[in-house]
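Structure assessment
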Amino acid sequence: VEIPTIDSTPVSNTVRIDLDRLSLSIPCEEGVEARVIGVDPEQVITGSLLEAPACSDSEVVSDPKRDLLKLAVVERQGKGGSVGLVRGFGLKRGALGSTVAHDSHNAIVVGCSDREILAAIAALSRIGGGQVVVAGEEVLASHPLPIAGLMSDRPLEEVAASARRLNAAAAELGSLLPAPFMTLSFLALPVIPHLKLTDRGLVDVDSFKIVPLFAG
């Protein structure tokens, strides 16, 4: 049986994010709790928590000790983005990034520091989309998905091995989730309760409204 050849050029190079236009800054609001996405490892429904975030120099920062991490969703052409907080990944260091992020498939990254989140976004842009694990500014594992940032053009065996390396690297950084990238991919889907993050902002799915990070 002859396997047809498909030209994927029209849907390649679709992830182009200019880091110079990107800010992960969240000014602190003293004494006001923030809305936090609570991850459940067994399902795609998330909790909607209220937590006092960690602050440094009047800016919200990730707090790995409390498993309270920054989460960023950036439009895949770099035309906008938003930053929130998530609990449940268990990372002690580093960041996880993916352009498989239902349903808009923008770049979504969770990390222990702004520097590592930015490094993951830069890595996603370099490979034309896919999934990455970084620590500091080093890419520990990369799973390129150059066709629209969603599909690979490599043989099945290579793709499967790459995915295994990716999940192993996430576990080395402290991830507690059995499928961290599957979990990550649903955190930007604003039709599944209860709290999600899109490039337009934090979405309270129960009321179908964009809501501010701080609940005050």
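Going by the structure above, here's the rest.
Only a predicted model underlies this, so the values are computations on that prediction, with no experimental measurement involved.

Let's shift gears to the overall build of the protein. Along the protein, the regular secondary structure elements total 3 helices and 13 strands. Its C-alpha atoms give the protein a radius of gyration of 17 Å, within 12% of the compact-globule value 17 Å for 216 residues. Considering only residue pairs separated by 6 or more positions, the protein has 57% of its internal contacts joining residues 24 or more positions apart. Here the protein contributes 19 positive and 27 negative side-chain charges, whose respective centroids are spaced 1 Å apart.

Applying the stated criterion to the full structure yields 5 salt bridges. For the salt bridge of D63 with R66, the shortest nitrogen-to-oxygen distance reads 3.3 Å. When the shortest N-O distance is used, the salt bridge between D114 and K70 registers 3.1 Å. Here the residue D114 occupies a position in helix α1 (residues 114-126), and K70 occupies one in strand β5 (residues 68-74), the gap between them amounting to 44 residues. A relative accessible area of 29% means that D114 is categorised as partly exposed. Connected through shared salt-bridge partners, E51, D63, R66 and R87 make up one network.

Moving on, we get to the state of the cysteines. Counting across every chain of the model gives 1 disulfide. Residue C28 pairs covalently with C55 via a disulfide, S to S 1.7 Å. Torsion about the S-S bond of the C28 and C55 cystine: about -110°, corresponding to left-handed handedness. In this pair, C28 is assigned in the segment before β1 (34-38) and C55 in strand β3 (residues 54-56), connecting sequence segments 27 residues apart. Residue classification places C28 among the buried positions, given a relative accessible area of 16%.

Two strands pair when backbone bridges link them, and strand β11 (residues 195-198) and strand β12 (residues 201-204) are joined in this way by 4 bridges, in the antiparallel orientation. In the sheet register, L197 faces β12, and the bridge partner there is L202. In this antiparallel pair of consecutive strands, β11 and β12, the connection spans 2 residues. Relative to strand β13 (residues 209-211), β12 is paired through 3 bridges, and the arrangement is antiparallel. Looking across to β13, one finds that D204 is bridged to K209. Between β12 and β13, which pair antiparallel in sequence order, lie 4 residues; one of them, F208, sits at a positive phi of approximately 50°.

With that settled, consider the sheet that holds strand β2 (residues 47-51). Spatially, the 8 strands line up as an open sheet ordered β2-β1-β6-β5-β8-β7-β9-β10, and their pairing is mixed. This sheet does not close on itself; its edge strands, each paired only once, are β2 and β10 (138-144). Taking each pair of neighbouring strands and ignoring which way they run, the sheet shows an average axis angle of 25°. Where strand β9 (residues 130-135) and β10 come together, 6 bridges link them in antiparallel fashion. Bridge pairing in β10 places V133 opposite A141. Contacting β5, β7 (95-98), β8 (107-111), β9 and β10, α1 crosses the sheet at an angle of about 145° to β9. Contacting β7, β9 and β10, helix α2 (residues 156-172) crosses the sheet at an angle of about 145° to β10.

So, how was this worked out
- Residues numbered from 1 in each chain as written.
- Predicted model: local features only at pLDDT ≥ 70, side-chain atom pairs only at ≥ 80, totals over all residues.
- Heavy atoms only, no water.
- Helix = DSSP H or I, 4+ residues; strand = E, 2+ residues; numbered from the N terminus.
- Rg over C-alpha atoms; globule rule 2.2 N^0.38 Å.
- Contact = heavy atoms within 4.5 Å.
- Lys, Arg positive; Asp, Glu negative; His and termini not counted.
- Charge placed at Lys NZ, Arg CZ, Asp CG, Glu CD.
- Salt bridge = Lys/Arg side-chain N within 4 Å of Asp/Glu carboxyl O.
- Buried < 20%, exposed > 50% of the residue type's maximum accessible area, 1.4 Å probe, protein only.
- Disulfide = S-S within 2.5 Å.
- Pairing = 2+ DSSP bridges.
- Axes fitted to C-alpha atoms, helices over the stretch in contact; angles between N-to-C directions.

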